[in-house]
Amino acid sequence: MIDKNIFLILVICLQFNLVNAQKAFEVPQYTKAISKQDSVKIENDLLVVSNWLIESDLDKETEKRKKANAFVLQWYIDNVTLNITLVEKLAEINEGNADLLLVYFAGFSKYYIKNKKDFSKLNATRSGLTSVLQVYNKGLNVTKSDGLDKLTKINAENKLDDFIKENFLKD
């Protein structure tokens, strides 16, 4: 059985490493992919950048956030296979919270990269919206929004998929 003191020391070390890893994040330099190897590297970088955008607080490291947002946006612009449908409802939901739109892109793109073979627009949209809610519900440097409050309630009631089908996937 592990001594409680050793366990406590391990937990403290793990927390210290996680905090330092988050602080040590640097936005990678974006370069348009020319080869398949470039694409794989950029996608790996995008996953790291997306995770940072979703997990970091909006009120911290704002210059780094601008660079990370630009990275995600440039990757999306250069990507010929991914189409993120921008519907009016997305603008309504994020009203007053421009940074959350790029968080949506990050969550959607992250799902796309991890699930290319079994890609589902429903699941990708859910990933984008839950990423937005994760950041919004921290309450840091966000504008209170009826749309996001309503989305939080819809998510809590497990009705997010119905909401997505009604507002994002109509053809």
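Read on for an overview of the structure. For every chain, the first residue of the written sequence is number 1, and numbering continues from 1 onward in sequence order. It should be noted that, the model being predicted, local features are given only for residues of pLDDT at least 70 and side-chain atom pairs only at 80 or more, the latter also being counted only at that level, while totals for whole chains, interfaces and linings use all residues. Each side-chain value is worked out from all heavy atoms of the structure, with water and hydrogens disregarded.

**Quick notes on the nonpolar core**
Okay, so step 1: Buried Ala, Val, Leu, Ile, Met, Phe, Trp, Tyr and Cys residues form a nonpolar core when they are joined through side-chain atoms within 4.5 Å. Working definition: with a 1.4 Å probe on protein chains only, accessible area under 20% of the residue-type maximum means buried, over 50% means exposed, and in between means partly exposed. Ranked by size, the top nonpolar core spans 45 residues in total, and within it Trp 75, Tyr 104, Leu 129 and Phe 168 carry the most contacts.
Okay, so step 2: Under the DSSP-based scheme used, a helix requires at least four consecutive residues in state H or I and a strand at least two consecutive residues in state E, with every element numbered from the N terminus. Breaking this core down by element, the ones donating at least two residues are helix H2 (36-55), helix H3 (62-78), helix H4 (88-93), helix H5 (98-114), helix H6 (121-136), helix H7 (146-156) and helix H8 (160-167).
Okay, so step 3: In terms of residues, this core owes the most to one element, H5, which gives 10 residues.
Okay, so step 4: Sequence-distant contacts of Phe 168, defined by excluding residues within four places in its chain, comprise Val 87, Lys 89, Leu 90, Ile 93, Tyr 104, Thr 125, Leu 129 and Phe 163. Two residues form a contact once any of their heavy atoms are found within 4.5 Å.

**A closer look at the layout of surface pockets**
Any empty space left between the atoms is revealed when a probe the size of a water molecule rolls over them.
Okay, so step 1: Reported here for the largest pocket is a volume of approximately 300 Å³.
Okay, so step 2: Contributions of two or more residues to the lining of the largest pocket are made by H2 and H3.
Okay, so step 3: Per-element tally for the lining of the largest pocket: the top contributor is H2, with five residues.
Okay, so step 4: Here the term charged refers only to Asp, Glu, Lys and Arg, the term nonpolar to Ala, Val, Leu, Ile, Met, Phe, Trp, Tyr, Cys and Pro, and the term polar to all other amino acids, Gly among them. By residue class, the composition of the lining of the largest pocket is seven nonpolar, three polar and five charged. Computed over the protein atoms alone on a 1 Å grid, cavities are sets of points where a 1.4 Å probe fits but cannot get out and pockets are open sets with protein on both sides within 12 Å along at least five of seven lines; a residue lines them when it has an atom within 4 Å of a point. Grid points are joined across faces, edges and corners, and a volume is the space filled by probe spheres set on the points.

**Some points on empty space enclosed by the protein**
Okay, so step 1: Tallying each qualifying case throughout the model produces one cavity of 30 Å³ or more.
Okay, so step 2: Forming the boundary of the largest cavity are Thr 85, Tyr 104, Phe 108, Lys 121, Thr 125, Phe 168 and Leu 169.
Okay, so step 3: For the lining of the largest cavity, the secondary structure elements donating two or more residues are H5 and H6.
Okay, so step 4: When grouped by side-chain class, the residues that make up the lining of the largest cavity number four nonpolar, two polar and one charged.

**Points about the environment of Leu 169**
Okay, so step 1: By the secondary structure assignment, Leu 169 is in the segment after H8.
Okay, so step 2: Since its relative accessible area comes to 27%, Leu 169 is described here as partly exposed.
Okay, so step 3: Separated by 82 residues in sequence, Leu 169 and Val 87 place their C-alpha atoms 9.2 Å apart.

**A closer look at the pattern of salt bridges**
Okay, so step 1: Salt bridge, as used here, is a side-chain nitrogen of Lys or Arg placed within 4 Å of a carboxyl oxygen of Asp or Glu. On inspection of all chains with the given rule, the structure shows 11 salt bridges.
Okay, so step 2: Two residues, Glu 92 and Lys 89, come together in a salt bridge whose shortest N-O distance is 3.4 Å. One end of the pair is Glu 92 and the other is Lys 89, both in helix H4 and three residues apart, which spans about a single turn.
Okay, so step 3: Residue Glu 92 is classed as partly exposed on the basis of its relative accessible area of 37%.
Okay, so step 4: Residue classification places Lys 89 among the partly exposed positions, given a relative accessible area of 21%.
Okay, so step 5: Asp 149 serves as the salt-bridge partner of Lys 144, at 2.9 Å between the closest nitrogen and oxygen.

**Comments concerning H2**
Three- or four-residue spacings in an α-helix give side chains the same orientation, since the helix completes a turn every 3.6 residues.
Okay, so step 1: End to end, H2 covers 29 Å across 20 residues, agreeing with the expected 28 Å (1.5 Å per residue, within 8%).
Okay, so step 2: What H2 keeps buried is the set Ile 42, Glu 43, Asp 45, Leu 46, Leu 47, Val 49, Ser 50, Trp 52, Leu 53 and Ile 54. An expected span of 1.5 Å times one less than the residue number is assigned to each helix.

**Some points on unusual backbone geometry**
Okay, so step 1: Of note in this structure, Glu 61 is not a glycine but carries a positive phi near 50°.
Okay, so step 2: Looking at the secondary structure, you find Glu 61 in the loop between H2 and H3.
Okay, so step 3: On the basis of relative accessible area, Glu 61 is assigned to the partly exposed category, the value being 36%.
Okay, so step 4: A positive phi angle, close to 60°, is found at Asn 158, a residue other than glycine.
Okay, so step 5: Mapped onto the elements, Asn 158 comes out in the loop between H7 and H8.

**Side note on the packing of aromatic side chains**
Okay, so step 1: Pairs were defined over the aromatic rings of Phe, Tyr and Trp, the Trp ring being its six-membered one, requiring ring centres within 6.5 Å. Orientation was assigned from the angle between planes: stacked under 30 degrees, edge-to-face over 60, tilted for the rest. Applying the stated rule across the entire model yields 10 aromatic pairs.
Okay, so step 2: Geometrically, the ring pair formed by Tyr 30 and Phe 71 is edge-to-face, given 5.2 Å between the ring centres and 85° between the ring planes. Of this pair, Tyr 30 sits in the loop between helix H1 (4-23) and H2 while Phe 71 sits in helix H3; the two residues are 41 residues apart in sequence, bridging distant segments of the chain. Of the two residues, Tyr 30 and Phe 71, neither departs from the other in class, the shared state being buried.
Okay, so step 3: Chaining the aromatic ring pairs together yields one cluster made of Trp 75, Tyr 104, Phe 108, Tyr 111, Tyr 112, Phe 119, Phe 163 and Phe 168.

Geometric descriptors of this kind do not, in isolation, establish any biological role.
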